[in-house]
Amino acid sequence: MTPTGIVLGIESSCDETGVGVVGVSGDGTVTLLADEIASSVDEHARFGGVVPEVASRAHLQAMVPTVRRALRTAGVVPSDVDAVAVTAGPGLAGALLVGVAAAKAYAVAWDVPLYGVNHLTAHIAVDTLEHGPLPPALALLVSGGHSSLLQVSSLVAPLHPLGATIDDAAGEAFDKVARLLGLGFPGGPFIDRVAADGDPDSVRFPRGLTGPGDARYDFSFSGLKTAVARHVEALGRQGIAVPVADVAAAFQEAVVDVLTAKAIRAATDRGIDTLLIGGGVAANSRLRALAAQRCTAAGVRLRVPRRRLCTDNGAMVAALGAHLLAAAAPASALDIPADPALPITTSLVGSSSSTRS
Amino acid sequence: MLVLALDTATSAVTAGLLRLPAAGFPEVLAERVTVDARAHGELLMPSVCSVLATAGVSMRDLDAVVCGVGPGPFTGLRVGMVTAAALGDALGLPVFPVCSLDAIAYRAGTGGPLLVITDARRREVYWARYDESGARIDGPHVDRPLDVPLAGVSRVAGVPDVLGLPVVPPQYPDPAGLVAVVATTLRARATPGPFHPLYLRRPDAWEPGPRKRVTPV
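Just so it is clear, the structure is predicted and the values come from calculations on it, not from any experiment.

So, how was this worked out
Residues numbered from 1 in each chain as written. Chains lettered and ligands numbered in written order. Predicted model: local features only at pLDDT ≥ 70, side-chain atom pairs only at ≥ 80, totals over all residues. Heavy atoms only, no water. Helix = DSSP H or I, 4+ residues; strand = E, 2+ residues; numbered from the N terminus. Rg over C-alpha atoms; globule rule 2.2 N^0.38 Å. Contact = heavy atoms within 4.5 Å. Areas by Shrake-Rupley, 256 points an atom, 1.4 Å probe, with all protein chains shown as cover. Lys, Arg positive; Asp, Glu negative; His and termini not counted. Charge placed at Lys NZ, Arg CZ, Asp CG, Glu CD. Domains from an automatic or database assignment. Buried area = accessible area lost by both parts, 1.4 Å probe. Salt bridge = Lys/Arg side-chain N within 4 Å of Asp/Glu carboxyl O. Polar contact = N/O pair within 3.5 Å; in protein donor to acceptor, adjacent residues only side chain to side chain. Pairing = 2+ DSSP bridges. Axes fitted to C-alpha atoms, helices over the stretch in contact; angles between N-to-C directions. Buried < 20%, exposed > 50% of the residue type's maximum accessible area, 1.4 Å probe, protein only. Arc of directions from axis to C-beta.

**Q** Now, about the overall build of chain A: what can you tell me, with residues and values included?
**A** The number of helices and strands found in chain A is 13 helices and 11 strands. In terms of overall size, chain A behaves like a compact globule, its C-alpha atoms giving a radius of gyration of 20 Å where 357 residues would be expected to give roughly 21 Å. When its C-alpha atoms are laid out on the principal axes, chain A stretches across 65 × 45 × 40 Å. Of the contacts made within chain A by residues no fewer than 6 positions apart, 73% connect residues no fewer than 24 positions apart. Roughly 12,800 Å² of accessible area belongs to chain A as shown, and the carbon and sulfur atoms make up 53% of that amount. Chain A carries 27 positive and 33 negative side-chain charges, and their two centres are separated by 3 Å.

**Q** For the domain arrangement of chain A, give the residues involved together with the corresponding values.
**A** Residue and element names in this part refer to chain A. For chain A, the assigned domains read domain 1 (5-126 + 313-349) and domain 2 (135-307). The straight-line distance from the C-alpha centre of domain 1 to that of domain 2 is 27 Å. When the buried surface of domain 1 facing domain 2 is broken down by residue, H123, I124 and I344 rank first, second and third, together holding 34% of it. Applying the counting rule to domain 1 against domain 2 returns 0 salt bridges. Along the contact surface separating domain 1 from domain 2 lie 0 residue pairs in polar contact (both at pLDDT 80 or more).

**Q** Go over the interface of chain A and chain B, please, and point to the residues and values.
**A** Listed by partner, the interface residues are 38 residues for chain A and 38 residues for chain B. Together, the buried faces of chain A and chain B total about 3,200 Å²; carbon and sulfur atoms form 65% of this surface. Contact with chain B buries surface across chain A, with R57(A), L60(A) and E233(A) losing the most and accounting together for 20% of the total. Counting every contact that joins chain A to chain B gives 3 salt bridges. The shortest N-O distance in the salt bridge between E233(A) and R213(B) comes to 3.9 Å. In this assembly, chain A and chain B are joined by 8 residue pairs in polar contact (both at pLDDT 80 or more).

**Q** Describe the sheet that holds strand β10 (residues 301-303) of chain A, and please don't skip the residues or the numbers.
**A** All names here are of chain A. The strand order β8-β7-β6-β9-β10 describes an open sheet built from 5 strands, whose pairing is mixed. Two strands close off the open sheet at either side, each with one partner strand: β8 (160-164) and β10. The sheet shows a mean angle of 20° between the axes of neighbouring strands, taken without regard to direction. Here 3 bridges tie strand β9 (residues 274-278) to β10, and the two strands are oriented parallel to one another. Looking at β10, one finds that L276 is bridged to R303.

**Q** Outline the sheet that holds strand β4 (residues 64-68) of chain B, listing residues and values.
**A** Residues and elements named next belong to chain B. With mixed pairing, 5 strands are arranged side by side in an open sheet as β3-β2-β1-β4-β5. The open sheet has two free edges, formed respectively by β3 (27-35) and β5 (95-98), since each of these has just one partner strand. Adjacent strand axes in the sheet meet at a mean angle of 15° when their direction is disregarded. Pairing between strand β1 (residues 2-7) and β4: 4 bridges, direction parallel. When the sheet's bridge partners are listed, L6 is paired in β4 with C67. On top of the sheet, helix α1 (residues 40-55) reaches β1, β2 (12-19) and β3; it is set at about 25° to β2, its chief contact.

**Q** Lay out helix α7 (residues 187-195) of chain A with the relevant residues and their values.
**A** Residue and element names in this part refer to chain A. Those residues of α7 lying buried are G187, I191, D192 and A195. The arc enclosing the buried residues of α7, seen along the axis, measures out at 130°, which places them on a common side. Where the residues of α7 are buried, they touch α6 (170-180), α9 (244-270) and α10 (285-298).

**Q** How would you sum up the pairing of strand β8 (residues 136-143) of chain B? Please name residues and give values.
**A** All names here are of chain B. Where strand β7 (residues 125-130) and β8 come together, 5 bridges link them in antiparallel fashion. Its bridge partner lying in β8, Y126 is registered against V142. The antiparallel hairpin formed by β7 and β8 contains 5 residues in its connecting segment, where G134 sits at a positive phi of about 95°.

What follows is the structure, encoded as structure tokens:
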């Protein structure tokens, strides 16, 4: 079906300057037309984490060239664009601000509505580009900044948070353990790779918050990270070389065991038959495999976008914008702020007065 | 020609619409300057729309964008610059960079050697020196106020109360000053210079030291 609307989406909440273009047809079907990314990840590697000011500077440099590239790839001209969507939060304040300011300028210059949207909702919406319309679902969002379980009734309705990490995000634990094992940054892909040759049962690392009295849907990864450090140091004291592949595999198993167990538990408790996993950690191959296995056993349908769409990108923002446009959602005001702590219950930011209240 | 001027390098959020005649000083058709160091992102685009509406001018009628490129505290500075860059791209307009201190100096006029100072936060200031003709002869730099060389300076513009010298207006870059600084380039329809922010500081970032142990040695 030929798109009846075209949405440009801008993402700048962390270290990726992402610009996506998505078409939406009369029946609400969304189609990916472009997904361009300029990443500053290499500039952060030597610091062992994303440096906000480095990321913000890179966004300013990359913004206009990335928008141009996205339009060219999509084969659309500015007059074809029907709305501009942008991540308004949560994320790094200075980084978000670059994307929000750029989106306002493009929206005004092109005379189209602006949608300031929630980064986490966009991570869920992106799956519709690959797997079609989303039924009511349980969403597990796991990245370097977030680890959340959310109940999703509709992409254009507020999300209902069920649980989240009480300390480190899952991706943060991957970064910290990778550093401990002398692997690179960001840690996720490195651990995934070396763990493939390791024995996940070589050590039994603790599964945080899985006791009978613990919060059913919350996560904790800080203790796990410390347990891995203790294990590595104990080996060092005994003069034993660290079996990096085994430790990586055992650590990874502890993370994905808890993530999938709690996600399935939440889906079962609430009678939800679809589980959607999104965010950068959803690119982890063991998480994808174990989730598939446990979903099959529990009779839950699993949806995970392809890896490229799991990590931060502009297509996810454009996808959510396309659903909002199709639902004729009211545009955001031009005075909306970038909100580093935007609550998950706000999918679409209205105006600065309504979010400040 | 019709010029949109923006600056967010100081705590003032500045937008103005000007007509630049073939000769003489730019004429301000509408301007909006709001001093609020914490709301550049919220205020700038509504200010742009408001000056255009006040003057009854459509964005499509613009001929150029002029934007202060600092020096300025990073987060606010980027709001103006990315807005100018995106507007320029979307409307197919050239975007002309101006050192924000030069815009202040231009409006301070002639009358003796001038020091322009703006707040760099962290107990430091951005500064530049100008000779009697108004030409910048030193800077921009970022330093502690006590380290700013004052020899031969007779007046100060910008942040007034740090050095005890006679103070002249303006305190912030204004649209007329921004456009006046690049008037010759604008009239010649020359290619704009590189549109790069004047941060003058490196990002705060340290390479991590050795990891802390969690068990005693």
